[in-house]
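Read off the chains here:
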Amino acid sequence: MAAGLGLEVMAPGAFAAALERLPDAIDSLISQGAEAICLMGTSISFYLGPQKHAELLAQMRSLAGDVPVSTMTDAVIHGLRKRNVQNIVVASAYTPPVSTALVEYLRGAGFRVLAENHLEISEIADLRSVDTKALQVLGEELFRSQPGCDGMLISCGGLRTEAATYTLERLFHKPVVSSAVEGCHHAVALLPRIPSAHAAHSTATSSTQTTPKGSLSMPYSGAKPEGPRSSTMADPAESLFHSSVISSAESPRTDT
């Protein structure tokens, strides 16, 4: 399930206006039975800077009560650290003001940004025109410019990154963390533990107690989770560096 925040442009003023709709969105999701809430869209949270991002998370926790919450910014930071990626190259969809905020956030979080390349897109609708080949070219240029890097971040939840991630990891044998894929893994990891078939069979716990209703997100302008981002998800088990993330989704998050 999803509740849109009405974001149409990736710019600070638009981010602020969208976040004003956050309380109503969380109330809506909670009323529908949310068991986890993730604020999807990386830039809408990292542009605030580390301190304001922490305050945003505190606000979300206050609004959500016992329901665990997180952001896509938290997801990519966790993904980079999980794969021991410290010295990174960064690709994004963003214009200079937003890309500068991203690099500052990453450096503030302890990462060393060796090189960056950005598509300079501001309109959310224009993200649909970015295909796998464009992302792959962007990634190849960055990896070749910094052969000593530990891995890559592709930032922007509206980019369809799964196929490019698969190709880049096999070409360069280094992890690629992207907003869309990592945000989904992170949201699932917030959910209550889903027991294995054997455990479910051997206990008297009812399915209504053990099966989560859903990990809920609040993407850009629409409230429907359908679309190209949801229909093109590759099997994470096929990725060189993402199989370990699957196991992290088997238990609730404790570090957000």
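Residues numbered from 1 in each chain as written. Predicted model: local features only at pLDDT ≥ 70, side-chain atom pairs only at ≥ 80, totals over all residues. Heavy atoms only, no water.

Notes on the sheet that holds strand E6 (residues 176-178)
By way of backbone hydrogen bonds, the strands of a sheet pair with one another, either parallel or antiparallel. Across the sheet, four strands lie side by side as E4-E3-E5-E6; this open sheet has parallel pairing. Unpaired on one side and paired on the other, strand E4 (112-118) and E6 mark the two borders of the sheet. Averaged over all pairs of adjacent strands, the angle between strand axes in this sheet comes to 20°, irrespective of strand direction. Looking at chain direction, strand E3 (residues 87-92) and E4 are connected through six bridges and run parallel. Each bridged residue has a counterpart across the sheet, and for Ile88 the counterpart in E4 is Val113. Sitting on the sheet, helix H9 (residues 179-189) is in contact with strand E5 (151-155) and E6, with an inclination near 75° to E6. (Pairing = 2+ DSSP bridges. Helix = DSSP H or I, 4+ residues; strand = E, 2+ residues; numbered from the N terminus. Axes fitted to C-alpha atoms, helices over the stretch in contact; angles between N-to-C directions. Contact = heavy atoms within 4.5 Å.)

Observations concerning the pairing of E3
In terms of burial, E3 is largely enclosed, as five of its six residues are buried. Crossover connection from E3 via helix H6 (residues 96-108) to parallel E4: handedness right-handed. (Buried < 20%, exposed > 50% of the residue type's maximum accessible area, 1.4 Å probe, protein only. Right-handed = clockwise from strand over helix to strand, strands pointing away.)

Remarks on the pattern of salt bridges
On inspection of all chains with the given rule, the structure shows three salt bridges. Close ionic contact of Glu182 with Arg83 constitutes a salt bridge, the shortest N to O distance being 3.3 Å. Taken together, the residues Glu182 in helix H9 and Arg83 in the loop between helix H5 (72-82) and E3 connect sequence positions 99 residues apart. We note that Glu182, like Arg83, is buried. Linking Arg144 and Glu140 is a salt bridge whose minimum nitrogen-to-oxygen distance equals 3.1 Å. A residue pair is termed a helical-turn pair when its members lie 3 or 4 positions apart in one helix, as Arg144 and Glu140 do in helix H7 (residues 132-145) at four residues. Residue Arg144 is classed as exposed on the basis of its relative accessible area, which comes to 56%. (Salt bridge = Lys/Arg side-chain N within 4 Å of Asp/Glu carboxyl O.)

Quick look at the state of the cysteines
Taken as a whole, this structure holds zero disulfides when the rule is applied. Not engaged in a disulfide, the cysteine Cys184 finds its nearest cysteine sulfur in Cys38; these two sulfurs lie 8.6 Å apart. (Disulfide = S-S within 2.5 Å.)

Observations regarding the environment of Met60
Looking at the secondary structure, you find Met60 in helix H4 (residues 50-64). Look at Met60 and you get buried, because its relative accessible area is 0%. Sequence separation between Met60 and Ile37 is 23 residues; the distance between their C-alpha atoms is 8.8 Å.

Remarks on the environment of Gly79
Among the secondary structure elements, Gly79 is positioned in helix H5. Each C-alpha atom of the pair Gly79 and Pro175 lies 9.8 Å from the other, and the pair is 96 residues apart in sequence. Ignoring any residue separated from it by four or fewer positions in sequence, one finds Gly79 in contact with Val177 and Glu182.

Some words on unusual backbone geometry
Positioned with a positive phi, Glu120 is a non-glycine residue whose angle comes to about 60°. Positive phi, close to 140°, is recorded for Cys156, a residue that is not glycine. The residue Cys156 is located in the loop between E5 and helix H8 (162-172) in this model. Using a relative accessible area of 1% as the deciding quantity, one classes Cys156 as buried.

What about H6?
Along its 13 residues, H6 runs 18 Å from first to last C-alpha, staying within 8% of the 18 Å computed at 1.5 Å per residue. When we look at burial in H6, the residues that qualify are Val98, Ser99, Ala101, Leu102, Val103, Tyr105 and Leu106. Looking one or two residues beyond H6, the residue adopting positive phi is Gly110, at roughly 100°. (Expected span 1.5 Å × (residues − 1).)

Quick look at the packing of aromatic side chains
Counting across every chain of the model gives three aromatic pairs. Aromatic side chains Phe46 and Tyr94 sit 5.4 Å apart centroid to centroid with 65° between the ring planes, which places their arrangement in the edge-to-face category. Linking Phe46 in helix H3 (residues 43-46) with Tyr94 in the loop between E3 and H6, this pair joins segments that are 48 residues apart in sequence. Residue classification places Phe46 among the buried positions, given a relative accessible area of 1%. In this structure, Arg170 is placed above the aromatic ring of Tyr166, and the distance from its NZ or CZ to the ring centre is 4.2 Å. (Phe/Tyr/Trp six-rings, centres within 6.5 Å; stacked < 30°, edge-to-face > 60°. Lys NZ or Arg CZ within 6 Å of the ring centre and 35° of its normal.)

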